[in-house]
Amino acid sequence: MKKYILTGLLVWLPLTITIWVMMQVLGVLDGVFAGLIIAAQTVLPESLRPGLESLRSIPGLSAIVMVSVLLLTGLAVTNFAGQWILDQSNRVFSNIPIVKSIYTSVKQVSDTLFSSSGQAFRHAVLVQYPRAGSWTIGFVTGKPSGEVAAHLSDDHLTLYVPTTPNPTSGFMLIVPRSDVIELQMSVDEALKYIISMGVVAPPLHASAVINQVKPRHTA
């Protein structure tokens, strides 16, 4: 009986967690959409309020609206006029006290992580952490710059080492490039390996077999 219960749990657990996460995301979107409708009801004529109120009862409409807004925004900023409006809005937010600190920091991080030309989270690597001889998986986020780079003589990399099983928290490390072993697995495969606490191992790529490097041990 214990065996069958555990087998049934392994079948239902991923599906249940997936549905729960999706419901949480839809709940957040519904809350934002409801706030927009309330704001619109305040500004628009009273004759339009019943129609706006009826939109709140349509399930999944908030997700469709959010995807549509993101799509239209992406299309708008690809032309000259949209880019000019975006530059002006960035300039306004960058000159507002307190707001500029938050907005500028979030924009720099998002541009680095999600830009198609960026290199953040493009490679998974092996690095010795938290001590020599103990290895973990990290992601290359770039190279040190500014004052930090001025104090480092050798070639270094900036890494993000996520925690298990929650990869949204972790540590930033600056390590010599020579102490890092680049992996052939994709970022998605590495994340699955981390989240599963090493249970779901990615397949061994042919190139990794050819370029296999013997682990280095530091003194």
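Here the structure is shown first, and the text comes after it.
Residues numbered from 1 in each chain as written. Predicted model: local features only at pLDDT ≥ 70, side-chain atom pairs only at ≥ 80, totals over all residues. Heavy atoms only, no water.

Draft legend 1. Inspection of the pattern of salt bridges at higher detail. Tallied over the entire structure, the rule returns two salt bridges. Of the charged contacts, one joins Asp-155 and Lys-143 as a salt bridge, the two residues approaching to 3.4 Å between their closest N and O atoms. Of the two residues, Asp-155 is situated in the loop between α6 (146-150) and β3 (156-162) and Lys-143 in the loop between β2 (135-142) and α6; the sequence distance between them amounts to twelve residues. The exposure class of Asp-155 is partly exposed, given its relative accessible area of 35%. Lys-143 sits in the exposed class, given a relative accessible area of 52%. In this structure, Arg-177 and Asp-155 form a salt bridge, with 2.6 Å as the shortest nitrogen-oxygen distance. Of the two residues, Arg-177 is situated in the loop between β4 (170-176) and β5 (181-182) and Asp-155 in the loop between α6 and β3; the sequence distance between them amounts to 22 residues. Connected through salt bridges with shared partners, the residues Lys-143, Asp-155 and Arg-177 form a single ionic network. (Salt bridge = Lys/Arg side-chain N within 4 Å of Asp/Glu carboxyl O. Helix = DSSP H or I, 4+ residues; strand = E, 2+ residues; numbered from the N terminus. Buried < 20%, exposed > 50% of the residue type's maximum accessible area, 1.4 Å probe, protein only.)

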